[in-house]
Amino acid sequence: MSQLIEHSDSPRFIRLHPQDNVMVVVNDQGVPAGTAFAEGLVTVDHIPQSHKVCLEDVPEGGRIIRYGQTIGYAKQLIPCGSWVREDQLSMPTAPELANLPLSTDVPEAQEPLEGYTFEGYRNADGTVGTRNILGITTTVQCVTGVLDHAVKRIREELLPKYPNVDDVVALTHSYGCGVAITATDAYIPIRTVRNLARNPNLGGEALVISLGCEKLQAEQVMHQGDSSVDLTDPWLYRLQDSSHGFAEMIEQIMELAEVRLRKLDQRRRETVPASELILGMQCGGSDAFSGITANPALGYASDLLLRAGATVMFSEVTEVRDAIYLLTSRAENKEIASELVREMDWYDRYLAKGEADRSANTTPGNKKGGLSNIVEKSLGSIVKSGNSAINGVLGPGERVTRKGLIFCATPASDFVCGTLQLAAGMNLHVFTTGRGTPYGLAMAPVVKVSTRTELAQRWPDLIDVDAGRIATGRASIEELGWELFHYYLDVASGKKKTWAEHYKLHNDITLFNPAPIT
Ligand code: CA
């Protein structure tokens, strides 16, 4: 687990870009008014930890600059040394989608990293699992109670007989019936359910439990001719086929499960190149440290993984929307840049339907953590994507089919994003948090990275890696990036378990359903 460190009490701040006219205070308790920094600045307010201090007098209407970009305009004079609060700023308008730079500044490929491997489970369709899990998916919420009961018994009575299988997981969700299944956007939840069953960590051996009369039919979830699922053995049970009630349902599900458990138990880990890793990245409970410690470390590690040939996904449309011009320019070609624009446009219209806009993203916790608005949050969020070219774009629920850096379009909601990244095929997840969350998923290991050391110290049995060491100068971004890179490979190999895995902290599968419910 991560090394915890002590803080010194001298006032410290971080300034990221030479043009920035604010800096972020890093001391645990913040700093009182009248604090003199070694750099000469004297504060005129109490500044809480991870909040911004103004480095110059900014007149009314003047720009507040962080990451070298404008994050807001002063509504009144903000004096040098004062606390820059969200209510003092008006937010810049979102960048227009019409005239974005498309593939104008594509980073050159960095030198390949050879020889890095992990121990994984090879699947028939060419993907590699980092865990060996029996997944039992569902076509409708009606079956959840019965399936949960069956899974409890499978865990207690069958799983101990098959020690090479890590777990059995019910993929329960609220879709499948009482929904407008032919609506324009219904393809999103449907393909998500279908692709979840194809996640590499389920080894192509997922089962389907159906009720029988629902709108979403089992054949839409699994169908002949798909090489990524095994349909040679029985793979489906419909509860309405039971002629002897609940007891028979449980018996039938357990029987199906045992056939699969026997097969999964035969599997062994083998050495595979690091290029087989499909990492999904996201953040939740962000603060102003996210963009200076944890996310840059993830960005460095992403670049390393990409040099090793892996697939790295970043997501969260509302958290990239305001910085989209910095991404479209990095797209490998104009088509990929246009796909990025297409996903932003789709989401703009989706939000407009609900008469919401991007400002709905930031939470009270974000603001308490020093993030003034979504512009500032976005700039800190996209740092996760590192400095490589963007090689592909996935729509929500779509499965990844190529290696490289991929933008997987999802809402920023932790559970919806995690679910869609699982559907995309992620076999390892990394999650950065500033305010703290015990988030975890059943189908893939989740590495949790704290933005601050104070959080890692308070939650030593929930946070896997402390990136706050970057703020205190105990580790560089580069050092932490390499540490994460090795940590990913160890977790992927099953040599290390994350805390969420250890305690089985599993958030629900949460489908993104932008279509009507009937
Ligand atoms: Ca999130």
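How each quantity is defined
- Every chain's residues receive numbers from 1 upward, in the order its sequence appears when written.
- pLDDT decides what is reported in this predicted model: residues at 70 or higher carry local features, side-chain atom pairs at 80 or more are listed and counted, and totals for whole chains, interfaces and linings draw on all residues regardless.
- Remark: hydrogens and water are excluded; side-chain values derive from all non-hydrogen atoms of the structure.
- Secondary structure is summarised from DSSP: a helix means a run of H or I of at least four residues, a strand means a run of E of at least two, and numbering begins at the N terminus for each.
- Radius of gyration here is computed from C-alpha atoms only, and the compact-globule reference equals 2.2 Å multiplied by the residue count raised to the power 0.38.
- Each residue is placed in one exposure class: buried if its accessible area under a 1.4 Å probe, protein chains only, is under 20% of its type's maximum, exposed if it is over 50%, and partly exposed if it falls in between.
- Two residues form a contact once any of their heavy atoms are found within 4.5 Å.
- All accessible areas in this document rest on Shrake-Rupley with a 1.4 Å probe, and a residue is counted as covered only by the protein chains that are shown.
- Charge counting follows a simple rule: Lys and Arg are positive, Asp and Glu are negative, and His as well as the terminal groups are ignored.
- Here the site of a charge means NZ on Lys, CZ on Arg, CG on Asp, or CD on Glu.
- We count a salt bridge whenever a side-chain nitrogen from Lys or Arg sits within 4 Å of a carboxyl oxygen from Asp or Glu.
- Polar contacts, as used here, are pairs of N or O atoms within 3.5 Å; protein pairs need one atom able to donate a hydrogen and one able to accept it. Residues neighboring in sequence count only if both atoms are side-chain atoms.
- Annotation comment: domain bounds sourced from an automatic or database domain assignment.
- The quantity reported as buried area is the accessible area (1.4 Å probe) lost by two parts once they are put together, taken as the sum for both.
- Just so you know the grouping, Ala, Val, Leu, Ile, Met, Phe, Trp, Tyr, Cys and Pro go in nonpolar, Asp, Glu, Lys and Arg go in charged, and all remaining residues, Gly too, go in polar.

### Examining the overall build of the protein
- For the protein, the count of helices and strands is 13 helices and 21 strands.
- Relative to the compact-globule value of 24 Å for 518 residues, the protein shows a C-alpha radius of gyration of 24 Å, a close match.
- Its C-alpha atoms give the protein principal-axis dimensions of about 80 × 45 × 40 Å.
- The 518 residues of the protein split such that 60% are buried.
- For the protein, the proportion of contacts with a sequence separation of at least 24, taken over those separated by at least 6, is 72%.
- About 19900 Å² of surface is accessible on the protein, with carbon and sulfur atoms providing 50% of the total.
- Taking the average place of the 49 positive charges on the side chains of the protein and the average place of its 64 negative ones, the gap between the two points comes to 1 Å.

### Focus: the side chain of E214
- By secondary structure assignment, the location of E214 is in the loop between β12 (207-210) and α3 (218-221).
- Nearest to the buried, unbridged E214 among oppositely charged side chains is R238, at 6.8 Å.
- A distance of 2.9 Å separates the side chain of E214 from the side chain of S210, its partner in a polar contact.
- Among the polar contacts listed, one links the side chain of E214 to the backbone nitrogen of L211, at a separation of 3.0 Å.
- Excluding residues that lie within four positions of it along the chain, E214 makes contacts with T139, V140, G176 and C177.

### Things to note about the domain arrangement of the protein
- By domain assignment, the protein separates into domain 1 (1-92), domain 2 (118-265) and domain 3 (278-502).
- Counting from both sides, the interface comprises 28 residues of domain 1 and, opposite them, 37 residues of domain 3.
- Summed over both partners, the interface of domain 1 with domain 3 buries about 2800 Å², with 59% contributed by carbon and sulfur atoms.
- Where domain 1 meets domain 3, there are 11 residue pairs in polar contact (both at pLDDT 80 or more).
- Mapped by element, the contributors of at least two residues to the side of domain 1 that touches domain 3 are β2 (22-25) and β5 (69-74).
- Here the side of domain 1 that touches domain 3 is composed, by residue class, of 13 nonpolar, 9 polar and 6 charged.

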